[in-house]
Amino acid sequence: MRDPRYDILFEPVQIGPVTARNRFYQVPHCNGMGYRDPSGEAVMRQVKAEGGWAVVCTEQVEIHPTSDIGPFIELRIWDDQDMPALARIADKIHEGGALAGIELAHNGLNSPNLISRETPLSPQHLPVATFSYDPVQARAMTKADIADVRRWHRQAVRRSIDVGYDIVYVYAGHALGGLHHFLSRRYNNRTDEYGGSLTNRIRFLREVLEDSREEADGKAAIACRITINELLGEDGITRTEIEDTIGEIGEHPDLWDFVLGSWEDDSVTSRFGPEAEQEPYVRGLKDLTTKPVVGVGRFTSPDTMVHQIESGVLDLIGAARPSIADPFLPRKIETGNLEDIRECIGCNICVSGDFTMSPIRCTQNPTMGEEFRRGWHPERIRVKSSDAHVLVVGAGPAGMEAARSLGQRGYRVSLAESTRVLGGRVEREAKLPGLSAWIRVVDYRQQQLRKLDNVDVFLQSEMTADDIIDNDFNHVVLATGSHWRSDGVGRWHTHPIEIADGADVLTPDAILAGLRPRGERVVLFDDDHYYLGGVVAELLAKENFDVTLVTPGAHVSAWTVNTMEVARIRKRIIRAGITVETNTTLNRITADSVDTGCVFTGDERTFSADSVVLVTSRLPENRLFDELNARESEWAKADLRSVRAIGDAWAPSTIAAAVWAGHRYAEELDEPTSADVPFLREVTELSAQPGRLLPLAVESAPA
Ligand code: ADP
Ligand code: SF4
């Protein structure tokens, strides 16, 4: 059972009129499901409640069409039509045993209103502050606009309480909530009573807090999420200002939820920030209010959590990502099963769900986002449907997850790995600069495999088609991975490029195996656009190679805009002295130079280079798969019923996709999968109004 050291984490906390059963608090987080997939979101939140979180919150909920942050998919509480979806989410959270929190937001300057076409509202006339440079300007709010937003917020509070929420947020955080823009000198240059002095800049927030309390009338707690430091020096919200703010309105909400800087700062990846990074910023603020305080810090270690409470930094352990990677984190601490915790690796693949407007996914937790539509659960899986013996070939993320989940179902599993170590690409990539936390993908699965008597792991066991056919395996799943191409084929070049004899060309596989460029001047061509090109460039620069990174993308590691890393990566690349050529392709490699081309004009330039690293695309490691398929006539005699390839061996993708593929294989083995669409989905209900065109007769008035 639970270690008494962690008892403090299980003390109840009073939050205004409601009581949290313990100190585990799932703070609001986006999930790419929102108004499009509300049942998907509801069951995802329910699982967390079941996993022991005392409070489970929604993401931001737009209170009005002037706060439309489309194309991003969050929740809405525009009018009564949104109530059933919000009610379902609250009900499911309650079914799981947690308090339900709702993060009401008027996004002001952050809402381009692309869907509603309303004019965005802001403290001053400014272009909207969105991620995509939308050609839209916000209008400086009049007193009437301020009164409108207050009224809409009140209505939203009332509706939230009507559908059962226990904690209702006022959002002034991350430069995403409009109240943040009023607070910040960066955005607020008003000369009326809502601008200028701090007291004036707080006024709007104070009014909305007061309205919300009055409207809640003791039926729900009011929480305030606020940025405690904009990290902009004197140009933005400073520590002193936030201390003064709490001095003035510290008792207004029932709970303070402190966030650091922008969302990018608050959800920093493990490549750029450690666990509990916010601690020095939050420390001391709790002393300024009698109200409970929640904060985040990618907390996965119960000792760190206890430290936050005992040293008086926080009252509640806030988590978004740790609750995504392991919805059962609190239960595992409560039952003393710390070794079962699936620790977040801090990769922000979860964030990419929001940025790509697709249901949230997680590298560590393949069931995330699949709870409703596929019925997957992070801790439970249906028992096996046959006594088959399954061979999993390859112990990368796909193979390890397949073996783990098949083992959990009760199948007899043999996991064969040709090298001496488990983990495949993760084991190798985790040694690259900044990626050490990624080894948790391997650690968690290795730990779980140890516990499963029905799974045998064989290292240094390179499998051949003969080995497989001569043995008693009923199902074979090939998770043999992939290798990087050395011919330049990728997104830009769909045919091999010209490479002269004698040219020194390496791939990430060679670098990860310990090989290094033969000369000092290295050109790295990144046509992959995720993290690896940038990380390998960083590694080589650290080792004093003179690195030029050439990419057809507009940014280094362009896709990491979706993991909120693109700016930090560029900063690191600049600081490392790496030369960057964006919008540029690599056309030809000679023994001592490369020819590049401008992606717009095609104009070529020649750079001296001793060596070239190609990070373009990968090919599946599928020889064994092909050999086994070629011998299909021998399967029946060997009672071999199926051969499948999964993960990178099927089609190279992310580590998250490999883990997911391993899990899917295990979930679906021996189960019927006949449906054309293999998951539940919600289709927009047609309006009762078929349309409101004016009749033809009144289309044009008589002259
Ligand atoms: P994925 O991301 O799909 O899990 P990885 O490349 O990370 O793929 O892992 C593939 C693993 O498969 C590697 O550890 C590799 O050593 C192993 N492997 C490849 N071929 C064989 C084989 N024939 N027998 C056993 N293990 C293999
Ligand atoms: Fe953590 Fe990555 Fe999962 Fe997000 S996707 S919760 S950062 S492991």
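Residues numbered from 1 in each chain as written. Chains lettered and ligands numbered in written order. Predicted model: local features only at pLDDT ≥ 70, side-chain atom pairs only at ≥ 80, totals over all residues. Heavy atoms only, no water.

Glancing now at the overall build of the chain. Helix and strand counts for the chain stand at 21 helices and 30 strands. For 703 residues, the compact-globule estimate of 2.2 N^0.38 gives 27 Å, and the C-alpha radius of gyration of the chain, at 27 Å, lies within 12% of that figure. Taken along its principal axes, the extent of the C-alpha atoms in the chain is 75 × 70 × 60 Å. Burial statistics for the chain: of 703 residues in total, 60% are counted as buried. About 28100 Å² of surface is accessible on the chain, with carbon and sulfur atoms providing 49% of the total. Looking at the chain, you have 76 positive and 106 negative side-chain charges, and the mean spots of the two groups are 2 Å apart. (Helix = DSSP H or I, 4+ residues; strand = E, 2+ residues; numbered from the N terminus. Rg over C-alpha atoms; globule rule 2.2 N^0.38 Å. Buried < 20%, exposed > 50% of the residue type's maximum accessible area, 1.4 Å probe, protein only. Areas by Shrake-Rupley, 256 points an atom, 1.4 Å probe, with all protein chains shown as cover. Lys, Arg positive; Asp, Glu negative; His and termini not counted. Charge placed at Lys NZ, Arg CZ, Asp CG, Glu CD.)

The next point concerns the site of ligand 2. With respect to spatial proximity, the complete set of residues near ligand 2 consists of Arg321, Ile324, Ala325, Cys344, Ile345, Gly346, Cys347, Asn348, Ile349, Cys350, Cys362 and Thr363. Elements with a minimum of two residues in the shell around ligand 2: helix 10 (321–325) and helix 12 (349–355). Broken down by element, the shell around ligand 2 gets its largest block of residues, three residues, from helix 10. A breakdown of the residues in the shell around ligand 2 according to their chemical character gives eight nonpolar, three polar and one charged. (Near = heavy atom within 4 Å. Nonpolar A, V, L, I, M, F, W, Y, C, P; charged D, E, K, R; others polar.)

What follows deals with the packing of aromatic side chains. Applying the stated criterion across every chain, the model contains 15 aromatic pairs. Measuring from ring centre to ring centre gives 6.0 Å for Phe72 and Phe131, while their planes differ by 75°; the resulting arrangement is edge-to-face. Remark: Phe131 occurs in the loop between strand 8 (126–127) and strand 9 (137–140) and Phe72 occurs in the loop between strand 4 (55–62) and strand 5 (75–76); sequence separation between them is 59 residues. Residue class for Phe72 comes out buried when judged on its relative accessible area of 14%. Seen in terms of ring centroids, Trp263 and Phe355 are 5.6 Å apart; in terms of plane orientation they differ by 25°. Their pairing is stacked. With Trp263 in helix 7 (residues 263–266) and Phe355 in helix 12, this pair connects stretches of sequence that are 92 residues apart. Pair check on accessibility: Trp263 and Phe355 agree, each one buried. Connected via pairs of aromatic rings, a cluster forms that spans Phe72, Phe131, Trp263 and Phe355. Sitting above the plane of the Trp376 ring, Arg374 keeps its charged end 5.7 Å from the centroid. (Phe/Tyr/Trp six-rings, centres within 6.5 Å; stacked < 30°, edge-to-face > 60°. Lys NZ or Arg CZ within 6 Å of the ring centre and 35° of its normal.)

Across the sheet, four strands lie side by side as 20-25-26-27; this open sheet has mixed pairing. Single-partner strands in this sheet number two, and they are strand 20 (498–499) and strand 27 (604–608). Here five bridges tie strand 26 (residues 593–598) to strand 27, and the two strands are oriented antiparallel to one another. From the neighbouring strand, Asp595 faces strand 27, where its bridge partner is Thr606. (Pairing = 2+ DSSP bridges.)

The next subject is the site of ligand 1. Every one of the 23 residues lining ligand 1 counts as a neighbour, but Ala398, Glu417, Arg425, Met463 and Asp648 are closest to it. Within the backbone of Ala398, an N or O atom sits 2.9 Å from an oxygen atom of ligand 1. Arg425 places a main-chain nitrogen or oxygen 2.8 Å from an oxygen atom of ligand 1. Taking 590 Å² as the accessible area of ligand 1 by itself, protein coverage stands at 92%. Counting only elements with at least two residues in the shell around ligand 1, the list comes to helix 13 (397–409) and helix 14 (424–429). Looking at the shell around ligand 1, its residues break down into nine nonpolar, ten polar and four charged. (Polar contact = N/O pair within 3.5 Å; in protein donor to acceptor, adjacent residues only side chain to side chain.)

This part covers the UniProt feature "domain: NADH:flavin oxidoreductase/NADH oxidase N-terminal" (unreviewed entry) in the chain. Residues annotated in UniProt with the feature "domain: NADH:flavin oxidoreductase/NADH oxidase N-terminal" (unreviewed entry) correspond here to residues 9–336. Secondary structure across residues 9–336 comprises 34% helix and 18% strand; the distance between its end C-alpha atoms is 13 Å. (UniProt positions renumbered as here; feature names shortened; annotations may be inferred.)

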